[in-house]
Amino acid sequence: MEDFQYLDKRVQKTKQDLYSAFFALLKQKKYAQITVKDIIQFAECSRGTFYAHYNNKDDLLNEIIHFLFKEMVKAYRSSYINKSSINIKSLVDEPFNL
């Protein structure tokens, strides 16, 4: 998935709106009950806009999953960014923020 920072501002907003709509709908309905129509109505975008970015709701879900995993990896690695080397033997389980 593309990082939002590299996308046009309008595309960033559209994707953020679609993500937010999708999560809001998941609080109300099961995944199988959510339709593209539900998503676009909640996100207040057109069907054409949705289909310009995704083939179906599964594509949207897959993009969200990939985005969340990338964010999780960034959060996990953030503890080690300023270290020039890491001694693997000294690593311990430590909490990190997601």
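Residues numbered from 1 in each chain as written. Predicted model: local features only at pLDDT ≥ 70, side-chain atom pairs only at ≥ 80, totals over all residues. Heavy atoms only, no water.

> Tell me about the packing of aromatic side chains, and name the residues and values.
One pair of aromatic rings is described through two measures. These are the centre distance and the angle between the planes. Using the criterion set out here, one finds five aromatic pairs in the structure. On the basis of an interplanar angle of 70° and a centroid distance of 5.7 Å, the ring pair of Tyr 19 and Phe 67 is categorised as edge-to-face. A residue pair is termed long-range when its members are at least 10 positions apart, and Tyr 19 in helix 1 (residues 9-28) and Phe 67 in helix 4 (residues 57-77) qualify at 48 residues. Taking relative accessible area as the criterion, Phe 67 reaches 18% and is therefore assigned buried. Arranged with centres 6.0 Å apart and planes meeting at 70°, the rings of Phe 22 and Tyr 31 form a pair that is edge-to-face. Here Phe 22 falls in the buried class, since its relative accessible area comes to 1%. Tyr 31 sits in the partly exposed class, given a relative accessible area of 26%. Every member of this aromatic cluster is reached through a ring pair, and the members are Phe 22, Phe 23 and Tyr 31. Its guanidinium or amino end placed over the ring of Tyr 31, Lys 57 lies 4.2 Å from that ring's centre, counting from NZ or CZ. (Phe/Tyr/Trp six-rings, centres within 6.5 Å; stacked < 30°, edge-to-face > 60°. Helix = DSSP H or I, 4+ residues; strand = E, 2+ residues; numbered from the N terminus. Buried < 20%, exposed > 50% of the residue type's maximum accessible area, 1.4 Å probe, protein only. Lys NZ or Arg CZ within 6 Å of the ring centre and 35° of its normal.)

> Give a description of the nonpolar core that names residues and reports values.
Formed by 15 residues in total, the largest nonpolar core has its most connected members in Leu 18, Tyr 19, Ile 39, Phe 50, Tyr 54 and Leu 60. Mapped by element, the contributors of at least two residues to this core are helix 1, helix 2 (36-43) and helix 4. Looking at this core, the element that brings in the most residues is helix 1, giving five residues. Among all residues touching Leu 18, those that are not within four sequence positions of it are Ile 39, Ala 43, Cys 45, Phe 50, Tyr 54 and Leu 60. (Core = buried A, V, L, I, M, F, W, Y, C linked by side-chain atoms within 4.5 Å. Contact = heavy atoms within 4.5 Å.)

> How would you summarise the confidence of the model for the chain if you had to cite specific residues and measurements?
Taken over all residues, the pLDDT of the chain has a mean of 86, while the share at 70 or more is 86%. By mean pLDDT, the top-scoring element of the chain is helix 2 (98), and the lowest-scoring one is helix 4 (90). (pLDDT = per-residue confidence, 0-100.)

> Quick one: what's the story with the side chain of Asp 38, residue by residue and with numbers?
Along the chain, Asp 38 falls in helix 2. Not counting chain neighbours up to four residues away, the residues in contact with Asp 38 comprise Leu 25, Lys 29 and Gln 33.

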